[in-house]
Amino acid sequence: MKLILIFLSSVLINNFVLSYFLGICPFIGVSNKISSAFSMGMAVTFVMTITSIVTWLVNHYILIPFHLEFLQTVSFILVIASLVQFVEMFIKKVSQPLYRALGIYLPLITTNCAIMGLALLISMKNYSFLEGIFFGLGGGIGFSIALILMASIREELDLADVPKPMQGAPITLIIAGCLALAFMGFAGMINV
């Protein structure tokens, strides 16, 4: 039951974008079209899940036993960058159409602070291996939901009569704020 609560909490209540405000750059920059938001969301979900596994292993089998906890941030950055490069090379080798569809989104994942936040939160909350995986998967799905919601609203706004001074960044930031307020309605429902 605790695993399900951790998963639901990271999807809705502690959403990385709309509650922790991590990953705002791709949230604003990639949310113009639903198709690109979906592709980015799936790539981030995959990398977050793999990151949760690898960083937990690095932390518990290398850093903590050798008393190198002070290297946690640097080692997590190295792990995330390496994972993204590995995923990019693997996708390029296995599926050229998918690689072309994801395009610039894969390298952008390296600089996504939501992934770094995930790795640090797993360590700070002292999650077990399985709890960390559920937290990573839920965090990625929550990131995807936020991205797709934002893209859906922005696509509809292209057809709306938005006043000239509000077009572009102003209306995008207002929508982001409204989405964050909506997700804050879930606050306090699950304490994990």
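In this text, all values refer to a predicted model and were calculated from it rather than measured experimentally.

Draft legend 1. Representation of the overall build of the chain within the structure. For the chain, the count of helices and strands is nine helices and zero strands. N-terminal to C-terminal, the α/β element order of the chain is α-α-α-α-α-α-α-α-α. A globule of 192 residues ought to have a C-alpha radius of gyration of about 16 Å, and the chain, at 17 Å, matches this closely. Dimensions of the chain, computed from the C-alpha atoms along their principal axes, are close to 60 × 45 × 30 Å. Counting only residues that meet the buried cut, the chain has 43% of its 192 residues in that class. Of all intrachain contacts in the chain linking residues separated by at least 6 positions in sequence, the fraction that spans at least 24 positions is 80%. A total accessible area of about 10000 Å² is found for the chain, and carbon and sulfur atoms account for 74% of it. Between the mean site of the 8 positive side-chain charges and the mean site of the 7 negative ones, the chain shows a separation of 8 Å.

Draft legend 2. Examining the side chain of T45 more closely. Locating T45 in the fold gives a position in helix 3 (residues 34-63). In terms of polar contacts, T45 uses its side chain to reach the backbone carbonyl oxygen of G41, at 2.7 Å. A distance of 3.0 Å separates polar atoms of two side chains, one belonging to T45 and the other to S144.

Draft legend 3. Inspection of the side chain of Q72 at higher detail. Within the secondary structure, Q72 sits in helix 4 (residues 72-94). Owing to a relative accessible area of 16%, Q72 belongs among the buried residues under this scheme. Among the polar contacts made by the side chain of Q72, one reaches the side chain of N59 at a distance of 3.1 Å. When neighbours within four sequence positions are excluded, Q72 is seen to be in contact with N59, L63, L120 and S123.

Draft legend 4. Quick look at empty space enclosed by the protein. Taken as a whole, this structure holds one cavity of 30 Å³ or more when the rule is applied. Its volume calculated, the largest cavity comes out at about 30 Å³. In terms of lining residues, the largest cavity is bounded by T55, W56, N59, H60, F76, A119, I122 and S123. Secondary-structure elements contributing two or more residues to the lining of the largest cavity are helix 3 and helix 7 (113-124). Examining the composition of the lining of the largest cavity, we find that four residues originate from one element, helix 3, more than from any other.

Draft legend 5. Structural detail: the environment of L181. Relative to the helices and strands, L181 resides in helix 9 (residues 169-184). Looking at L181, the relative accessible area reads 60%, which means it is exposed. As a C-alpha pair, L181 and L18 span 163 residues in sequence and 8.1 Å in three-dimensional space.

Draft legend 6. Seen up close, the packing of helix 8 (residues 129-157) against helix 9. Taken N-terminus to C-terminus, the directions of helix 8 and helix 9 make an angle of 135°; their axes are 11 Å apart at the nearest point. For the element pair helix 8 / helix 9, the angle class is oblique. Between helix 8 and helix 9 the crossing geometry is right-handed. Listed contacts from helix 9 to I145, L149, M150, I153, R154 and L157 of helix 8 are I171, T172, I175, A176, L179 and F183. Grouping the amino acids of the contact of helix 8 with helix 9 by side-chain chemistry returns ten nonpolar, one polar and one charged.

Draft legend 7. Local environment of helix 1 (residues 2-13). I6, S9, S10, V11 and I13 are the residues of helix 1 that are buried. Contacts from the buried residues of helix 1 go to helix 8 and helix 9.

Draft legend 8. Representation of the packing of aromatic side chains within the structure. By the definition in use, this model includes seven aromatic pairs. An angle of 65° between the planes, with centres 5.3 Å apart, marks the rings of W56 and F129 as edge-to-face. A residue pair is termed long-range when its members are at least 10 positions apart, and W56 in helix 3 and F129 in helix 8 qualify at 73 residues. On the basis of relative accessibility, which here comes to 32%, the residue F129 falls in the partly exposed class. Both rings, one in F183 and one in F186, keep their centres 5.8 Å apart while their planes meet at 75°; by these two values the pair is edge-to-face. Three or more aromatic residues joined by ring pairs form one cluster here, namely F16, Y20, Y127 and F135.

The rules behind the values
- Residues numbered from 1 in each chain as written.
- Predicted model: local features only at pLDDT ≥ 70, side-chain atom pairs only at ≥ 80, totals over all residues.
- Heavy atoms only, no water.
- Helix = DSSP H or I, 4+ residues; strand = E, 2+ residues; numbered from the N terminus.
- Rg over C-alpha atoms; globule rule 2.2 N^0.38 Å.
- Buried < 20%, exposed > 50% of the residue type's maximum accessible area, 1.4 Å probe, protein only.
- Contact = heavy atoms within 4.5 Å.
- Areas by Shrake-Rupley, 256 points an atom, 1.4 Å probe, with all protein chains shown as cover.
- Lys, Arg positive; Asp, Glu negative; His and termini not counted.
- Charge placed at Lys NZ, Arg CZ, Asp CG, Glu CD.
- Polar contact = N/O pair within 3.5 Å; in protein donor to acceptor, adjacent residues only side chain to side chain.
- 1 Å grid on protein atoms, 1.4 Å probe; cavity = no way out; pocket = protein on both sides within 12 Å on 5 of 7 lines; lining within 4 Å.
- Points joined across faces, edges and corners; volume = space filled by probe spheres on them.
- Axes fitted to C-alpha atoms, helices over the stretch in contact; angles between N-to-C directions.
- Parallel < 35°, antiparallel > 145°, perpendicular 65-115°, else oblique.
- Left-handed = near helix turned anticlockwise from the far one by under 90°.
- Nonpolar A, V, L, I, M, F, W, Y, C, P; charged D, E, K, R; others polar.
- Phe/Tyr/Trp six-rings, centres within 6.5 Å; stacked < 30°, edge-to-face > 60°.

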